[in-house]
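# Working through the structure, step by step
Residues per chain are reported as follows:
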Amino acid sequence: MLVASNRGPVSYTVLGDGSMRAKRGGGGLVSGLSAIGPDADAVWVCAALGDGDRVAVERTGGRLPSEDTGGQRVRMLGIAPEVHAAAYNGIANSVLWFVHHMLYQIPLEPVFDAEFRQQWAAYEEYNAAFARALAEEAAEGAAVLVQDYHLALVPGMLRELRPDLLIGHFSHTPWAPPEYFRMLPDDIAEQVLRGMLGADRLGFLTGRWAAAFTACCEAVLPDGTGGTRIGVHGLGADGDFLRERAHREDVDERLAVLRGQIGTDPEGRPRRTIVRVDRTELSKNIIRGLLAYRQFLADHPEWHERVVHIAFAYPSRQDLAVYRDYTAEVSRLAAEVNSTYGSLGWTPVVLHVEDDFARSLAAYRLADVALVNPVRDGMNLVAKEVPVVSDEGCVLVLSREAGAYEELADEVIAVNPYDVTGTAAALHTALGVAPEQRAEGTKRLAAAATALPPAKWFLDQLSALRSDTNDDRLA
Ligand code: F6P
C-alpha cells in the first residue's frame, strides 16, 4: 500500500552544528494519515518542502530514517525548488485552494494569464514526479491513496503508467460549486476533473463536498463522473491519543502559564475563556472572529474584566504575501482590542503566534467557549478536538460552512461566518450556557467527534477501494 501527499509526516531543520531536527508536519491531513502506523507497512511518498527537507533528501537518498518517522516508511521527493514553489504556492495554494474555499476578491482576481500557464506547467511536472515515484514503489496490484488538491492530476497520470494499480484519491478540502469551479479556464477545469477521475474511487469529507464534485463533473464533462466511485469519510478526532497527550507534564506546565495570563475577575474567580486555535489561514476567518469579540465587548460592558479571548494563530504559507498581510492584520486587530478595552490587570485578547501543540491542548482543556468560524472548511478538526479534551465542558460556536457542522449541528451554536453581529451574539449566548447543560452537551459532542477516528477513517477507505461494490454514499 502507498500513500502520497505534498506534506509528509515530518519536516526537517538543519541546526547550527549541521545536524538535523525532525518535526511532525501540521494540518488535518497529517493528523489523519499518521494513524496508518508503521505496522501497515505502507510507503508514504511526500515532497521536500523546505531547505531542511532538501538536505535530508540529499543525505538519505529520500528514504527517511525510521527513527525520524516513528517507524513509518517515507520516501521524500527532492523536486526542484522552483518547480515545487510554482506548483505549491502558485497553483495549489493560490488557485486550487482559493477556488475550493471561494476566497477570491472577484473584481480583481483570479487572472489566468501567461504566468498562470507557466505555473500550471510546473504543477503538471510536480504531479508527474509523484506519479513516477509511485509507479516505481508500487508492487503489482497495490493500493495507492493519493491525497488532496496538490495531487489532482496524479490518479490519471499513474493510471497511464500502471493500469494494474488500485487508485484512490481523498480531498481534505471543500469542493467548489460548479459556478465557482468554472472560473478556471475550461481546459484546466477539465484536466483537474479528468485527473481525479483516473482514480477507481474518490473520497470526500462530507456529502456536501462530494455532491459539489459530482455537479462539477456533470457541468464540465459529457460523461459526468464516468465509472469512478465516490464515497464520504468524515475524519474524526483521535480521542485516546488526545486524552492521554493532554495530561502530560508539558501540557500542565502550559496550563499554569495560561491561567496566569488569563487572571481572575473582580470577585477573584478565574476569568472565563473563549478559545480559538488555527493555522493563520485566510479561510479560518480569524479577523471576523476578532471583530465579533470586539463587538461583544462593546455590547456587553458587564463582561469587561471577566472574559479573555485566547487566540492561537500559527504561521502558515508565509511565502504568500496575502498570508503575511493577513497575519499582520490579526496581530494589529488583537492589539487594537487590547488597547481599546484592556486595563492594567486585564488583557482581553491573549494572542500567540508560535506553534506549540502542548499549549494548544492546554487551551482546549480550559476553554469555556470554543470559536470555530471558518468561511469554508473541509472538516475542521479543532471543532472536534476541543470537546474531547475540555476539562469542564465547553460550548462550541461553529460556522455552518465547516464540514464538521454536518456531524455536530445538533450540539453547537451555529453561526454564519460573515455575520459579525450574529457571531458576537452567539459568543454572548455561549458564555451564558449553564455548567450542567454545557457538560452534558460536551459529552455528546465528544462522542460524535470521535465516531470515526483516523485509523478507522483510513482503513474504511482502503477496504472500500479494495471492494468493487458501488458504495456511493452521497448525503
Ligand atoms: O488539510 C488540508 C490541508 O491543505 C492539507 O493538505 C495540508 O497539509 C494542510 O491543510 C496544511 O497546509 P500546508 O500543508 O499548506 O501547510
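Residues numbered from 1 in each chain as written. Predicted model: local features only at pLDDT ≥ 70, side-chain atom pairs only at ≥ 80, totals over all residues. Heavy atoms only, no water.

### What to know about the site of the ligand
Note the threshold: Any residue with a heavy atom lying within 4 Å of a molecule or strand is counted as near it. Within 3.5 Å is the distance limit for a polar contact, defined as a pair of N or O atoms, with the added protein rule that one can donate a hydrogen and the other accept it, and that residues adjacent in sequence qualify only through two side-chain atoms. In short, Shrake-Rupley with a 1.4 Å probe defines the accessible areas, and a residue's cover is counted only from the protein chains shown. Each helix is a run of H or I in the DSSP string that is no shorter than four residues. Each strand is a run of E no shorter than two, and both are numbered from the N terminus. Side-chain classes are defined by residue name, with Ala, Val, Leu, Ile, Met, Phe, Trp, Tyr, Cys and Pro counting as nonpolar, Asp, Glu, Lys and Arg as charged, and the others, Gly among them, as polar.
The environment of the ligand is formed by twelve residues, the closest being Arg-7, Tyr-88, Trp-97, Asp-148 and Arg-317. At 2.7 Å from an oxygen atom of the ligand is found a side-chain nitrogen or oxygen belonging to Arg-7. Within the side chain of Asp-148, one N or O atom sits 2.3 Å away from an oxygen atom of the ligand. In isolation the ligand offers 370 Å² of accessible surface; the protein chains occlude 93% of this area. Broken down by element, the residue count for the shell around the ligand peaks at three residues, all from helix α4 (residues 81-101). Grouping the constituent residues of the shell around the ligand by class yields four nonpolar, four polar and four charged.

### Thoughts on the confidence of the model for the protein
Worth spelling out the cut-off: Values of pLDDT, the confidence the predictor places in each residue, fall between 0 and 100.
For the protein, per-residue confidence averages 95 on the pLDDT scale, and 98% of positions sit at 70 or higher. Predicted confidence in the protein is weakest over helix α1 (residues 28-33), with a mean pLDDT of 76, and strongest over strand β14 (residues 395-399), with 99.

### Description of the sheet that holds strand β10 (residues 272-279)
Let me state the cut-off plainly: At least two bridges found by DSSP between two strands are what make those strands a pair. Helix axes are fitted to C-alpha atoms over the stretch in contact, other axes to C-alpha atoms as well, and angles between N-to-C directions run from 0 to 180 degrees. Note on definitions: a residue-residue contact is assigned when non-hydrogen atoms from the two residues lie within 4.5 Å.
On the basis of which strands lie adjacent, the open sheet formed by six strands has the order β12-β11-β10-β13-β14-β15 and parallel pairing. Strand pairing shows two members of the sheet lacking a second neighbour, β12 (349-352) and β15 (413-415), which therefore form its edges. Across the sheet, the axes of successive neighbouring strands diverge by a mean angle of 20°, strand direction being ignored. Against the sheet, helix α13 (residues 321-341) makes contact with β11 (307-314) and β12, and its axis sits at roughly 155° relative to β12, the strand it touches most.

### A look at the domain arrangement of the protein
Cut-off, in case you're wondering: For the domains described, the bounds stem from an automatic or database domain assignment. Buried area adds together the accessible area that both of two parts lose upon being put together, with accessible area traced by a 1.4 Å probe. For this analysis, a salt bridge means a side-chain nitrogen from Lys or Arg found within 4 Å of a carboxyl oxygen belonging to Asp or Glu.
In terms of domains, the protein is made up of domain 1 (2-235 + 455-474) and domain 2 (239-449). Facing the 27 residues of domain 1 at the interface are 22 residues of domain 2. The contact between domain 1 and domain 2 buries some 1800 Å² in all, and 55% of this surface belongs to carbon and sulfur atoms. Summed over the three residues of domain 1 that lose the most area to domain 2, namely Trp-97, Arg-208 and Leu-235, the buried surface amounts to 25% of that side. At the surface where domain 1 touches domain 2, the tally comes to one salt bridge. Among the ionic pairs, Arg-208 bridges to Glu-401, the shortest N-O distance being 2.7 Å.

### A closer look at the nonpolar core
For clarity, the threshold we go by: Grouping buried Ala, Val, Leu, Ile, Met, Phe, Trp, Tyr and Cys residues that are joined through side-chain atoms within 4.5 Å yields what is termed a nonpolar core. Relative accessibility under 20% of the residue-type maximum defines a buried residue, over 50% an exposed one, and the middle range a partly exposed one, all with a 1.4 Å probe and only protein chains included.
Counting 166 residues, the largest nonpolar core has Phe-130, Trp-175, Phe-181, Phe-213 and Tyr-293 as the members making the most contacts within it. Sorting elements by how many residues they give to this core places helix α5 (residues 114-137) first, with eleven residues. When residues of this core are assigned to domains, at least three map to each of domain 1 (2-235 + 455-474) and domain 2 (239-449). Setting aside residues up to four positions removed in sequence, Phe-130 forms contacts with Ala-4, Ser-5, Asn-6, Val-45, Cys-46, Ala-47, Leu-77, Ile-79, Leu-151 and Val-154.

### Comments concerning the packing of aromatic side chains
Rules: Two rings from Phe, Tyr or Trp (for Trp, the six-membered ring) form a pair when their centres sit within 6.5 Å of each other. Planes less than 30 degrees apart are called stacked, planes more than 60 degrees apart edge-to-face, and all others tilted.
Overall, the coordinates contain 16 aromatic pairs when judged by the stated rule. The interplanar angle of 65° and the centroid separation of 5.4 Å between the aromatic rings of Tyr-126 and Phe-130 together place this pair among those described as edge-to-face. Placement of both Tyr-126 and Phe-130 in helix α5 is noted, with a separation of four residues, approximately one turn of the helix. By relative accessible area, Tyr-126 is classed as buried at 0%. With a relative accessible area of 0%, Phe-130 lands in the buried category. Where Phe-296 meets Trp-303, the ring centres are 6.3 Å apart and the plane angle is 45°; that geometry is what we call tilted. The class of Trp-303 is buried, set by a relative accessible area of 14%. Cluster of aromatic residues (ring-pair linked, three or more members): Phe-112, Phe-116, Trp-120, Tyr-123, Tyr-126 and Phe-130.

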